[in-house]
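# Structural overview
Letter by letter, the chains look like this.
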Amino acid sequence: MHIPDGFLDTKTIIATSLFSLVGIGRALKVLKTQMSPRKVPLMGLAAAFIFVAQMINFPVIAGTSGHLLGAVLVAVLLGPSEGILVMSVVLIVQCFLFADGGVLALGANIFNMGIIAPMGGYALYRLVTAGIKADYGKYAAVAFAAWASTVLASVCCVGELAWSGTARWSIGFPAMTGIHMLIGIGEALITTFVLASIYKARPDLLPFKDAAGEKREARPLTGVLIYGSLMLMGLVLFVLPFASRWPDGLEKVAATLGFDAKALAQPMVPSPLPEYRVPGIGSLPLATALAGVIGAILIFVVSLVLARILTRKSNRERHAP
Amino acid sequence: MTTAVEIRDLHFQYTDDHRALQGVSLTIAEGENVGLIGPNGAGKSTLLLHLNGILPEGFKGRPSIFIYGIPVVKSNGPRIRRDVGLLFQDPDDQIFCPTVYEDVAFGPLQFGVPEKDVKDLVRRELMEVGLPDFEKRSPHHLSSGEKQRVCLAGILACRPRILALDEPTRGLDPRGKRQLKTWLRSVPSTKIIATHDLELVAEMCERTVVMDEGRIVADGPTLKILSDEDLMLAHGLEKPHILKHSHPHGG
Amino acid sequence: MRHDFLDRYSRIESPIHRLPAALKMGIALGAVLIVVLPPITALYPFLVTAGVLLVVIAVSRIPVGFMVRRILIFEPFIVVVAGLALLQPGGALKFGTIVVKSTLSLLTIVVLSNTTPFTELLNVFRRLHAPPVFLTMMALMCRYVFVLVDELQRMKRARLSRTFDHKKKKARSWRSLSMMIGQLFLRSTERAERIFAAMSARGWKS
């Protein structure tokens, strides 16, 4: 999802860069007040870790492979502000060393994958864990947050492309976000599996409820709320202007793509919607958005199921002789 | 004779209830070469980490360690770290900068040496350890012997008066070991060497301290300690080959 | 994995390599700007930049095949996403514009990263007063990426040595890959502790 140079126009570059600077600045300030010098080598190694983890091929079908983004992984393991800094560093190095993502587009890439993904994911993680107190709730929260982080980042990405006039929202949104709803499943699975294996070896490293119970203080929600608003602002700026412009002249293209987009948007369940147009509503992007909501609920439910399986399994292992 | 290191009844416990040091007392004079031996888990590395104040974290309570008479407490941190150069077990942990130059320059820069002097300082230190022109090299491409020497250069650049070495010969091939020994002999600082390599101790250290389960169980002239087979076996050690065929007192 | 996969040719000898890093970075950024900002119809910026790049590549002795391969990694992505532009009135021009602009920018950065060791770029960032936390993190990242890759390699080999079932089930391989990633994280955090001790031992003031 790294946007190369040449895709974004000046105003988008400036806006995203500003947002990213604010986000990074805030993260730096938060960490400074915590005054923990040992965090720096930890974050440095985490950046190296994420970089390496992103390179690992997870086989999907017929030679294609999936990859981990790791934003939620890092945010849950180290903290949201730490997550922002780690992802930003990874993106900067990837940009200048690999040319993965443009230099002028760095602001947008950091915003999408270095701020929205970790922060949005983390906020959802906190919301879900606040709601479900049981152990399996943490895994479900992580899985859902990881999926959501991928989708949210892709939404912002398409928003930026649309705002720059590079791609029309009506096509870009269904295509890109649709695909990322699928990719997000991989992210959810990998993130949850990784966290489960870490928890097994070193439960103290995770902000889950541990034996002592008191040790891990919840991070203050105010920071989460501030970032949440920043995120919402970004989404509003990039997404809403297009949400209201339903395409009229693209029926034919939509028809060709309609079946595909629908299939992408309903990955796991045979579609209950008989045709690409939701009755009563007209357009493809809206259908995608609705599919997104339905997909999100589905993913959430599946995350819960997966989490229950994982916790039951680990409980069994723990009580095994 | 000046006392370089004085440790008085040092206790230390890691957070997971593991009592690593239980009442260690030790005095080391300036210029001595002391070997610190014992089985795994004896507390050797933990003790070394106390010498320059990395442990305990927080420096609570009365100080138990004095370096040249200065108590090892947080406020004395920078000074202590200049006086005590610590060589860690894994060179990959110790060389944390992306180039050799930056790594050797790290200590001096932190201690306030002006940048314009650092370049010459680094060049001198690298020559000293036999790695001329290694400045631009990436640590990852070095052999373990070369990494070792970069670590040493980095420590020496701070001109410490005491050298504490944790398993310096681990992972070195015979040539590397030879080079290290030659080099160690040429350095006049007080040395404390924690190691499993008893041959090294026999060659380099006139005094040996044996640790086991967080306590000092023996302290004396190296030959005497290492030749005491019962003592060695009792603490998970073995008389080194180098002594097996020599009888210092004949018979 | 090759240890120099990051910037393989950044340390070879050439007149370009000898130029100061700040200059190269400034020129690269300038090149990206003049490629991205003007409309495609103003042909000169693109032709000039392309020309300069070709000259620089030739003088810098970086193998052309290598350059081409590096660009080809990203071209498919560029073409596909730019393809979205095709589905618009006047899309063909837009498509062409985007492909030219992003390919030229890509090439610029690839040349920059292969004529300048990353540590020198970090120095430039330092002189530009980038936050110290960032600088330390980036330096540590560059230093330890290779170490982690090696550790991963060792884990993979260890796993292979104990795998007798060659009908690799996807689910199981996802599980075991994830476990390796988990292991890698644990080792990284433990190593970070030791590095912190080593940095403190040499007087690090954060």
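Below is a summary of the structure that appears in this document. (Residues numbered from 1 in each chain as written. Chains lettered and ligands numbered in written order. Predicted model: local features only at pLDDT ≥ 70, side-chain atom pairs only at ≥ 80, totals over all residues. Heavy atoms only, no water.)

## Quick notes on the interface of chain A and chain C
Residue-level contacts link 67 residues of chain A with 69 residues of chain C. Between chain A and chain C lies a buried interface of about 6200 Å² when both sides are counted; carbon and sulfur atoms form 83% of it. It is L45(A), F96(A) and L97(A) in chain A that bury the most area against chain C; as a group they hold 12% of the surface buried on that side. Inspection of the chain A/chain C interface yields 2 salt bridges. The shortest N-O distance in the salt bridge between R38(A) and E193(C) comes to 2.9 Å. Summed over the shared surface of chain A and chain C, the number is 5 residue pairs in polar contact (both at pLDDT 80 or more). Breaking the side of chain A that touches chain C down by element, the ones donating at least two residues are α1 (10-34), α2 (39-55), β1 (58-59), α3 (71-78), α4 (80-98), α7 (169-201) and α10 (284-319) of chain A. Ranked by residue count, the leading element in the side of chain A that touches chain C is α2(A), at 13 residues. When grouped by side-chain class, the residues that make up the side of chain A that touches chain C number 50 nonpolar, 11 polar and 6 charged. (Contact = heavy atoms within 4.5 Å. Buried area = accessible area lost by both parts, 1.4 Å probe. Salt bridge = Lys/Arg side-chain N within 4 Å of Asp/Glu carboxyl O. Polar contact = N/O pair within 3.5 Å; in protein donor to acceptor, adjacent residues only side chain to side chain. Helix = DSSP H or I, 4+ residues; strand = E, 2+ residues; numbered from the N terminus. Nonpolar A, V, L, I, M, F, W, Y, C, P; charged D, E, K, R; others polar.)

## Remarks on the sheet that holds strand β10 (residues 215-221) of chain B
Residues and elements named next belong to chain B. Across the sheet, 6 strands lie side by side as β6-β7-β8-β3-β9-β10; this open sheet has mixed pairing. The outermost strands of the open sheet, each flanked by one partner alone, are β6 (84-87) and β10. Along the sheet, successive strands turn relative to each other by an average axial angle of 15°, direction set aside. Two elements, strand β7 (residues 162-166) and strand β8 (residues 190-194), share 5 bridges in a ladder whose sense is parallel. Paired with L165 across the strands is I193, a residue of β8. Its contacts with the sheet put helix α1 (residues 44-51) on β3 (33-37), β6, β7, β8 and β9 (207-212), and the angle it makes with β7 is roughly 150°. (Pairing = 2+ DSSP bridges. Axes fitted to C-alpha atoms, helices over the stretch in contact; angles between N-to-C directions.)

## Re the side chain of H2(A)
You can see H2(A) is positioned in the segment before α1. A distance of 2.9 Å separates the side chain of H2(A) from the side chain of Q94(A), its partner in a polar contact. Excluding residues within four positions of it along the chain, H2(A) makes contact with L91(A), Q94(A), D100(A), G101(A), N109(A), M113(A) and F77(C).

## Quick notes on α7(A)
Residue and element names in this part refer to chain A. With 33 residues, α7 ought to run about 48 Å at 1.5 Å a step, and its terminal C-alpha atoms sit 45 Å apart, in line with that. Of all the bends in α7, the greatest measures close to 25° and is centred on L182. Judged by how many residues are buried, α7 sits mostly within the fold: 26 of 33 residues are covered. (Expected span 1.5 Å × (residues − 1). Bend = angle between axes of the 7 residues up to and from the residue. Buried < 20%, exposed > 50% of the residue type's maximum accessible area, 1.4 Å probe, protein only.)

## Structural notes on the pairing of β7(B)
All names here are of chain B. The element β7 is extensively covered by neighbouring structure, given that 5 of its 5 residues are classed as buried. Direction of pairing for β6 relative to β7: parallel, over a ladder of 4 bridges. Bridging across to β7, L87 finds its partner in L165. Note that the unit made of β7, helix α7 (residues 174-186) and β8 has a crossover that is right-handed. (Right-handed = clockwise from strand over helix to strand, strands pointing away.)

In short, the description is geometric, and any link to function would need to be established separately.
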